[in-house]
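Topology and contacts: notes
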Amino acid sequence: MPAPIRLRELIRTIRTARTQAEEREMIQKECAAIRSSFREEDNTYRCRNVAKLLYMHMLGYPAHFGQLECLKLIASQKFTDKRIGYLGAMLLLDERQDVHLLMTNCIKNDLNHSTQYVQGLALCTLGCMGSSEMCRDLAGEVEKLLKTSNSYLRKKAALCAVHVIRKVPELMEMFLPATKNLLNEKNHGVLHTSVVLLTEMCERSPDMLAHFRKVRQLSSSQLVPQLVRILKNLIMSGYSPEHDVSGISDPFLQVRILRLLRILGRNDDDSSEAMNDILAQVATNTETSKNVGNAILYETVLTIMDIKSESGLRVLAINILGRFLLNNDKNIRYVALTSLLKTVQTDHNAVQRHRSTIVDCLKDLDVSIKRRAMELSFALVNGNNVRGMMKELLYFLDSCEPEFKADCASGIFLAAEKYAPSKRWHIDTIMRVLTTAGSYVRDDAVPNLIQLITNSVEMHAYTVQRLYKAILGDYSQQPLVQVASWCIGEYGDLLVSGQCEEEEPIQVTEDEVLDILESVLISNMSASVTRGYALTAIMKLSTRFTCTVNRIKKVVSIYGSSIDVELQQRAVEYNALFKKYDHMRPALLERMPVMEKVTTNGPTEVVQTNGETEPAVLETKPPPSGLQPASQANDLLDLLGGSDITPVIPTAPTSKPACAGGELLDLLGDLNLTGSPVTAPAPQIAQPPFLLDGLTSQPLFNDVAAGIPSITAYNKNGLKIDFTFERSNTNPSVTVITIQASNSTELEMTDFVFQAAVPKTFQLQLLSPSSSVIPAFNSGTITQVIKVLNPQKQQLRMRIKLTYNHKGSAMQDLAEVNNFPPQSWQ
Amino acid sequence: MIKFFLMVNRQGQTRLSRYYEHVEINKRTMLEAEVIKNCLSRSNDQCSFIEYKDFKLVYRQYAALFVVVGIDQTENEMAVYELIHNFVEVLDKYFSRVSELDVSFSISEIHL
């Protein structure tokens, strides 16, 4: 068999390959040759073959058949063989292969070899890929080597110890005595590696950390002063050629020491005090003209921020960062922005001083810098500077890359919500965001915005006018169009009547409004969700507008045969509304009340079943509780006269559909079924949790322990109110009370309103009743759900107020309910 | 902690690779290709630190060769940047004016 080619030849041949396929062919041929040579147990050329194998491994080809060969090489006596063997072991082997355990004995022998280079090789390999068993076996040897006087070996042993500790943390104590003398060395290599070892020990175990902070010995070998001394020597000493890197001696060691100081000083006053001087010295003496100096300053700043330094030092650190920001080099600016982001929580005011520089960084070309600057700007927005910052951020939104737009838009929304100086400004800002980055805005922004608009009652006219103008020209940005159609549907009458205090009122006719909504419906650019919004808006306008009802009817009936199932369903139902339930239409499409912010979908998720005609569909919806303005609550308070009763705000039963005809439930149910979160506002044409019929079957709330007995809370004048209880499994302080009101007289009771108040330690939520009419002769009941939150598990008490019309006269009554069964509140 | 150390040329050929954490061999080539793509798309006056998946890349270009080091969050990026330069200077001294060819042909020496 001819002598296998040298590595260089191989590399040269591979480089001549022009295509991937050619290269693969050559390599395979060579692999085959190597494999046969291995089989022949050829000692002389083994190392050459393994070297070639390593090269091929680096290029990405499988080389596992060489592992055993590496072992054989390690076992041989020649140094070159050993060298390649260990290298191969480091590259090819790791814990996952079973073969590596065979190496343990070889390494052990080599650790005691006479030549330091062999020992060094063994230490390196162990430190690189030793598994936990190997480490356990060989830790003693490593520790012995840690104490030798040979600095070449000491530094390698220290690094190996680091690896051992990483793999087997229990062995840390074994190395503790050896570390005492490590820092007394002059050799920087040893110093560096021992600092690494100490860092690793401190990071891994808080006990070690405490030990190092406090060790006091006669020879004053306390750790922190030692480190400080070494650092001082480094800075003060003159030019030393073997450690110099562009004018600074051994910056790597300096950085390492700073990092160890950081770990030692964190949360510890004594150590931090000892370090203050040296940190100030480093910060002021280091040259900043070269990158090296800046690297050291960066580490210093990080350390100052982390330990309990005095405020003067902190200000120094932030000023250094400010100087970094003005530097031309991108790397430095990036690093400064990153650290400022970390410190902005703690030293807010100091960072504010550099606000203008940060805002300038937004205009930088570099992507990483822009991202950092954007995050930092959002962190810096506060009540005082919100207007200025917003202007800059909006400008940034205009010009930034698409990947930033979503984050920027959400950030702007959050900041605007927290710090908006006025409602009008808030709405303006949001509109600006929608028009510039409309398509990148996140889905949940639309419902939030709608809720915000409903909340600012006095701005309705202004808002709807601006939105109308915004979509007049261009209706391609979906979120904008959705919000606009919703608003136009709600407040179209304000738009047409031309009253607006904040701005010049524009003259819009009803036809023009309908024009724009229709074009949204027809346009190709509209998503089907947007079309849903538009159709619903048109429908709502049928109650707000006076002269164009016929046109609306026509539009709605056209879409009754649309291909889009969603639109079709809506149109058909609206048609039904026109034809059969016209008397209900005004009530149904009345103005929406002010919405309370839906924060989480806690345990109060309600499962709502659809009406009788479509039985099998279930849908979960978070119940936004409609808040009634405080006037009703005040009435109740007056009546109940002050003690410790807090009023409860019932949901306004304004748009009250009567007991359901099947189709009406369909209407409400199907509106509820539109799955995407964006349409959550759309079903709120009628009162939010309207499908109370579904509430009677609430799988989330189980009657615990075979039911809590129900009580009769009130029984007078033919009106009887029963309470039934359920406790939630998920949240034991919530009790759900379902009231049933029945009427045993011969005449029905109409306009029935139930209100309730509970003591201060409770919270109460009233959901809408099923209707406001109680038919006579106990032929039907009104059902209403009350949820009581009772975190302190106190006895439940309630005062109720009932108002209704009976026999032509208005009746009202107050009562107190005290007979709650203990299981309902314990 | 340094995750890996690569020297890759502009065509995507790896001249030197050292991984300090276990990465599957087929994933390595993919990783290297992606990394070099990221580095090539940066212009000269852009920052040398890129965020890639869950770690950072620090890269430096020397003629047609890119030295890329992957680090995690606890490392000082600028110190690593200096380390790269130091390494290249050492190679320079060892090979007296090192070039890419030297790197390709003397892998075993460079590793150790």
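Reading the values: the criteria
- Residues numbered from 1 in each chain as written.
- Chains lettered and ligands numbered in written order.
- Predicted model: local features only at pLDDT ≥ 70, side-chain atom pairs only at ≥ 80, totals over all residues.
- Heavy atoms only, no water.
- Helix = DSSP H or I, 4+ residues; strand = E, 2+ residues; numbered from the N terminus.
- Buried < 20%, exposed > 50% of the residue type's maximum accessible area, 1.4 Å probe, protein only.
- Contact = heavy atoms within 4.5 Å.
- Areas by Shrake-Rupley, 256 points an atom, 1.4 Å probe, with all protein chains shown as cover.
- Pairing = 2+ DSSP bridges.
- Axes fitted to C-alpha atoms, helices over the stretch in contact; angles between N-to-C directions.
- Salt bridge = Lys/Arg side-chain N within 4 Å of Asp/Glu carboxyl O.
- pLDDT = per-residue confidence, 0-100.
- Core = buried A, V, L, I, M, F, W, Y, C linked by side-chain atoms within 4.5 Å.
- Expected span 1.5 Å × (residues − 1).
- Buried area = accessible area lost by both parts, 1.4 Å probe.
- Nonpolar A, V, L, I, M, F, W, Y, C, P; charged D, E, K, R; others polar.
- Parallel < 35°, antiparallel > 145°, perpendicular 65-115°, else oblique.
- Left-handed = near helix turned anticlockwise from the far one by under 90°.
- Phe/Tyr/Trp six-rings, centres within 6.5 Å; stacked < 30°, edge-to-face > 60°.

Points about the overall build of chain B
- Assigned secondary structure in chain B consists of four helices and five strands.
- Starting at the N terminus, the α and β elements of chain B follow one another as β-β-α-β-β-β-α-α-α.
- Out of the 112 residues belonging to chain B, those deemed buried represent 53%.
- Within chain B, contacts between residues at least 6 apart in sequence are counted, and of these 44% link residues at least 24 apart.
- Summing over all exposed atoms, chain B offers an accessible surface of approximately 5400 Å²; the carbon and sulfur share of this is 51%.

Side note on the sheet that holds strand E4 (residues 55-62) of chain B
All names here are of chain B.
- With antiparallel pairing, the five strands of this open sheet are ordered in space as E2-E1-E5-E4-E3. A single partner strand is all that each edge strand has here, and the edge strands are strand E2 (14-19) and strand E3 (49-52). Strand after strand, the sheet turns through a mean of 20° between neighbouring axes, direction not considered.
- As defined by bridge partners, E3 adjoins E4 across four bridges and the pair is classed as antiparallel. Bridged to glutamate 51 within E4 is lysine 56.

Observations concerning the pattern of salt bridges
All names here are of chain A.
- Counted by the stated rule, this structure contains 15 salt bridges over all chains.
- For glutamate 170, the salt bridge is made with arginine 136, and the minimal N-O distance between the two is 3.6 Å. Pair noted here: glutamate 170 is in the loop between helix H9 (151-167) and helix H10 (172-179) and arginine 136 is in helix H8 (residues 132-146), with a separation of 34 residues, a long-range link.
- On the basis of relative accessible area, arginine 136 is assigned to the partly exposed category, the value being 49%.
- With a closest N to O distance of 3.1 Å, lysine 147 and glutamate 143 form a salt bridge.
- Overall, the relative accessible area of 13% leaves glutamate 143 in the buried class.
- Where salt bridges share partners, they join Arg259, Arg262 and Glu299 into one cluster.

Some thoughts on the confidence of the model for chain B
Residues and elements named next belong to chain B.
- Here chain B averages 75 in pLDDT, and 86% of its residues register 70 or above.
- Taken element by element, the predicted model of chain B shows its lowest mean pLDDT in helix H4 (residues 107-111) (65) and its highest in strand E5 (residues 65-71) (81).
- This complex was scored by the predictor with a pTM of 0.57 and an ipTM of 0.73.

A short note on the nonpolar core
Residue and element names in this part refer to chain A.
- Within the largest apolar cluster, 201 residues are counted, with the highest numbers of intra-cluster contacts made by Met103, Phe175, Phe212, Leu264, Ile412 and Val513.
- Among the elements that make up this core, the one with the highest residue count is helix H27 (residues 478-497) (ten residues).
- Apart from the residues within four sequence positions on either side, isoleucine 412 is in contact with Phe378, Met390, Leu393, Leu394, Leu397, Thr429 and Val433.
- Within the second largest apolar cluster, 32 residues are counted, among which are Phe725, Ile739, Phe752 and Phe820.

Overview of helix H1 (residues 25-40) of chain B
- For H1(B), with 16 residues, the first-to-last C-alpha span of 23 Å sits near the 22 Å given by 1.5 Å per residue.
- Those residues of H1(B) that are buried lie in contact with helix H3 (46-59) of chain A together with strand E1 (2-9), E2, E3, E4 and E5 of chain B.

A word on the interface of chain B and chain A
- At the interface, 37 residues of chain B touch 41 residues of chain A.
- Carbon and sulfur atoms make up 58% of the surface buried where chain B meets chain A, a total of about 3500 Å² over both sides.
- Counting every contact that joins chain B to chain A gives zero salt bridges.
- If you list the elements that add at least two residues to the side of chain B that touches chain A, you get E2, H1, E3, helix H2 (77-95), helix H3 (100-105) and H4 of chain B.
- A total of seven residues in the side of chain B that touches chain A trace back to one element, the largest contributor, which is H2(B).
- Counted by class, the side of chain B that touches chain A contains 13 nonpolar, 13 polar and eleven charged residues.

Quick notes on the packing of helix H16 (residues 291-306) of chain A against H2(B)
- Following both chains from N to C, one finds H16(A) and H2(B) inclined at 150°, their axes separated by 8 Å at the closest point. Taken together, H16(A) and H2(B) sit at an angle that is classed as roughly antiparallel. Crossing of H16(A) against H2(B): the hand is left-handed. Note on element contacts: H2(B) touches H16(A) through Glu77(B), Met78(B), Ala79(B), Tyr81(B) and Glu82(B), opposite Asn291(A), Val292(A), Asn294(A), Ala295(A) and Tyr298(A).
- Of the residues that constitute the contact of H16(A) with H2(B), the class distribution is six nonpolar, two polar and two charged.

Let's talk about the side chain of Ser37(A)
- In this fold, Ser37(A) is placed in helix H2 (residues 20-39).
- With residues up to four places along the chain from it excluded, the contact list for Ser37(A) reads Asp42(A) and Asn49(A).

Description of the packing of aromatic side chains
All names here are of chain A.
- With the rule as written, the count across this model stands at six aromatic pairs over all chains.
- Judged by centre distance (5.5 Å) and plane angle (65°), the rings of tyrosine 117 and tyrosine 152 are edge-to-face. Taken together, the residues span a long stretch of sequence, with tyrosine 117 in helix H7 (residues 116-129) and tyrosine 152 in helix H9 at a distance of 35 residues.
- Measuring from centroid to centroid gives 5.8 Å for phenylalanine 725 and phenylalanine 820, while their planes differ by 65°, and the two rings are edge-to-face. A residue pair is termed long-range when its members are at least 10 positions apart, and phenylalanine 725 in strand E8 (residues 719-728) and phenylalanine 820 in the segment after strand E14 (809-817) qualify at 95 residues. Phenylalanine 820 matches phenylalanine 725 in its accessibility class, with the two residues each being buried.
- Each residue in the set Phe723, Phe725 and Phe820 is aromatic and connected to the rest through ring pairs, giving one cluster.

Details of H7(A)
Residue and element names in this part refer to chain A.
- The terminal C-alpha atoms of H7, which comprises 14 residues, lie 20 Å apart, in line with the 20 Å expected from a rise of 1.5 Å per residue.
- All of the buried residues in H7 are Val118, Gln119, Gly120, Leu121, Ala122, Leu123, Thr125, Leu126 and Met129.
- Buried residues along H7 sit against helix H5 (79-92), helix H6 (103-111), H8 and H9.

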